[in-house]
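# Overview (structure and organization)
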Amino acid sequence: MSKEIKTIGVLTSGGDAPGMNAAIRAVVRKAISNGVAVKGIKKGYMGILNEEFIDMDQKSVADIIQKGGTILGTARCLEFKEPDVQKYGAEICRKHGIDAIVVIGGDGSYRGARDLSERGIPCVGIPGTIDNDIACCDYTIGYDTAMNTVMDMVDRIRDTTESHDRCSIVEVMGRNAGYIALWTGVANGAEDILLPEKYDYNEQELINNIVRSRKRGKTHHIIVNAEGIGHSTSMAKRIEAATGIETRATILGHLQRGGSPTCKDRVYASLMGAYAVDLLAKGESNRVVIEDDGKITDLDRQVKFELVPAYYEPYERRSSLYEDSGRIRIPSGCFSLAFGISKKRQQGKIPDVYILGCQCIEHHRQLHPHLR
Ligand code: ADP
Ligand code: F6P
């Protein structure tokens, strides 16, 4: 540990995500084993302003690795966007002897971390959000758990959809990003997957696909719809009116944010927590911990933001996120997808194109010879 950092703070901010507790635990235990004291900051940046700090020791993080949510609580503290408030926040940290902070959250939380770093409180960010919408980082804490939860829920919905010969639209979270929808849609064998990065709002095409599929003898139809598109209930009504097929919408909502973290989320969160403490010990500031091809490493936060910005750009630009991906709104049993290309591309790496198993893979190879 560097001499000047005697106490670090740890906070969770933005939407909670399963695995945040594992990260808190790793931060606390790694710091303590390095002889550094840890203060838990309650409810994100709000806790700094309200001076809600708790001294943490080995025991205070016992028995939490398996728990969803965050023992520190989280909040959205909009006033922290104001420069005067950030300055005040940095002063409070100094007053309480907090020399540096580990911020666990999404890209909004990272901006708060940047602002505190610029005001003399070194911060390191750990990606915590179920949305996986942080650029240059293929993994965020909570994403794996949320996807497994969704996958289980959609399997259940398929059971009843099949029994009733229905069409079901399942709306999943992800804010403006389609990662949860894409991965669970594939994992659940959804007949259609609607992604904000790709969907062209051609509902007639969607309806045609349902009708075609029914004519081929398919008795039920699952559509995974990302919340970035939303409007699942009205969409269901329009589909039922146009096709005569009973259609139901299920909005999975906040159940996707809870639950015990998966093995992957526990392990990666633990590795990232320890890594963040090491970064601060080396005197680093304003950096973000990432997972890259299975390796835990870090990036300069500024670089990250220059590289971002799929989600802050207009729809036309965003649609390039999955470019070359063939169809995302997938005709039954026949699809090709380019996975993971956007983030790699942002890092200047050659995109990998994966073709996922499908019944008509040869057909798609003919349609998209440029895809491997
Ligand atoms: P996430 O971190 O999951 O993206 P939010 O976007 O809600 O979630 O951000 C979480 C918190 O981070 C906000 O409530 C606020 O306290 C802080 N924050 C967000 N944007 C900024 C910003 N531009 N400047 C400073 N702090 C910010
Ligand atoms: O960022 C996580 C997330 O669950 C998003 O998927 C969703 O859009 C948002 O948070 C919901 O926020 P809230 O919990 O404030 O309703």
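Heads up: these notes are all about the structure in this document. In this text the structure is predicted, and so the values were computed from the model without any measurement. (Residues numbered from 1 in each chain as written. Chains lettered and ligands numbered in written order. Predicted model: local features only at pLDDT ≥ 70, side-chain atom pairs only at ≥ 80, totals over all residues. Heavy atoms only, no water.)

Moving on, we get to the packing of helix H1 (residues 20–33) against helix H9 (residues 263–281). Running from amino to carboxyl end, H1 crosses H9 at an angle of 40 degrees, the nearest separation of the two axes being 7 Å. With respect to their mutual orientation, H1 and H9 come out oblique. Helix-helix and strand crossings are classified by hand; for H1 and H9 the assignment is right-handed. Residues Ala22, Ala23, Ala26, Val27, Lys30 and Ala31 of H1 lie in contact with H9, whose contacting residues are Arg266, Ala269, Ser270, Gly273, Ala274, Val277 and Asp278. (Axes fitted to C-alpha atoms, helices over the stretch in contact; angles between N-to-C directions. Helix = DSSP H or I, 4+ residues; strand = E, 2+ residues; numbered from the N terminus. Parallel < 35°, antiparallel > 145°, perpendicular 65-115°, else oblique. Left-handed = near helix turned anticlockwise from the far one by under 90°. Contact = heavy atoms within 4.5 Å.)

A separate point is the pattern of salt bridges. Throughout the structure, instances matching the rule amount to 15 salt bridges. When the shortest N-O distance is used, the salt bridge between Arg166 and Glu246 registers 3.1 Å. Residue Arg166 is found in the loop between helix H5 (143–163) and strand E6 (167–172), and its partner Glu246 is found in the loop between helix H8 (232–243) and strand E9 (247–251); the two are separated by 80 residues along the sequence. You can call Glu246 partly exposed: its relative accessible area is 36%. (Salt bridge = Lys/Arg side-chain N within 4 Å of Asp/Glu carboxyl O. Buried < 20%, exposed > 50% of the residue type's maximum accessible area, 1.4 Å probe, protein only.)

Per the counting criterion, the structure on display carries two aromatic pairs. Taking 4.3 Å as the distance between ring centres and 15 degrees as the angle between the ring planes, the aromatic pair formed by Tyr45 and Phe80 counts as stacked. One end of the pair, Tyr45, is in helix H2 (residues 44–49); the other, Phe80, is in the loop between strand E3 (53–56) and helix H3 (83–95), with 35 residues separating them in the sequence. Each of the two residues, Tyr45 as well as Phe80, counts as buried. The interplanar angle of 75 degrees and the centroid separation of 4.8 Å between the aromatic rings of Tyr139 and Tyr268 together place this pair among those described as edge-to-face. (Phe/Tyr/Trp six-rings, centres within 6.5 Å; stacked < 30°, edge-to-face > 60°.)

Before going further, it helps to examine the sheet that holds E3. Sheet strands pair by backbone hydrogen bonding; their relative direction is either parallel or antiparallel. Strand order in the open sheet made by the seven strands is E3-E2-E1-E4-E5-E10-E11, with mixed pairing throughout. The strands lining the two open edges of the sheet, one partner per strand, are E3 and strand E11 (295–300). Direction aside, neighbouring strands of the sheet carry axes that sit 30 degrees apart on average. The pairing of strand E1 (residues 7–12) with strand E4 (residues 100–105) spans five bridges and is classified as parallel. Counterpart to Leu11 in the pairing with E4 is Val103. (Pairing = 2+ DSSP bridges.)

Pairing within the open sheet is parallel, and its four strands lie in the order E7-E8-E6-E9. The two strands at the open ends of the sheet, each matched to only one other strand, are strand E7 (192–194) and E9. When the angles between neighbouring strand axes are averaged without regard to direction, this sheet yields 15 degrees. As paired elements, E6 and E9 share five bridges and run parallel to each other. Among the inter-strand pairings, Ile169 is bridged to a residue of E9, identified as Ala249. Each of E6, E7 and strand E8 (221–226) is contacted by helix H6 (residues 179–187), which is oriented at about 175 degrees to E7, the strand it contacts most.

This brings us to the site of ligand 2. Around ligand 2, the neighbouring residues are Arg76, Thr129, Ile130, Asp131, Met173, Gly174, Arg175, Glu227, His254 and Arg257. Within the side chain of Arg76, a nitrogen or oxygen atom sits 2.6 Å from an oxygen atom of ligand 2. When the free accessible area of ligand 2 is taken as 400 Å², the share hidden by the protein chains comes to 75%. According to the grid-proximity analysis, the pocket containing ligand 2 is the largest pocket. Here the shell around ligand 2 is built from residues that sort into two nonpolar, three polar and five charged. (Near = heavy atom within 4 Å. Polar contact = N/O pair within 3.5 Å; in protein donor to acceptor, adjacent residues only side chain to side chain. Areas by Shrake-Rupley, 256 points an atom, 1.4 Å probe, with all protein chains shown as cover. 1 Å grid on protein atoms, 1.4 Å probe; cavity = no way out; pocket = protein on both sides within 12 Å on 5 of 7 lines; lining within 4 Å. Sits in = over half its atoms within 2 Å of the grid points. Nonpolar A, V, L, I, M, F, W, Y, C, P; charged D, E, K, R; others polar.)

A word on the site of ligand 1. Taken together, 16 residues sit near ligand 1, with Arg76, Cys77, Gly106, Gly108 and Ser109 positioned nearest. In this structure, Asp107 approaches ligand 1 through a side-chain N or O atom, which is 3.3 Å from an oxygen atom. Here a nitrogen atom of ligand 1 sits 3.2 Å away from a polar atom, N or O, in the side chain of Asp115. When ligand 1 is considered free in solution it has 550 Å² of accessible area, and contact with the protein chains removes 86% of it.

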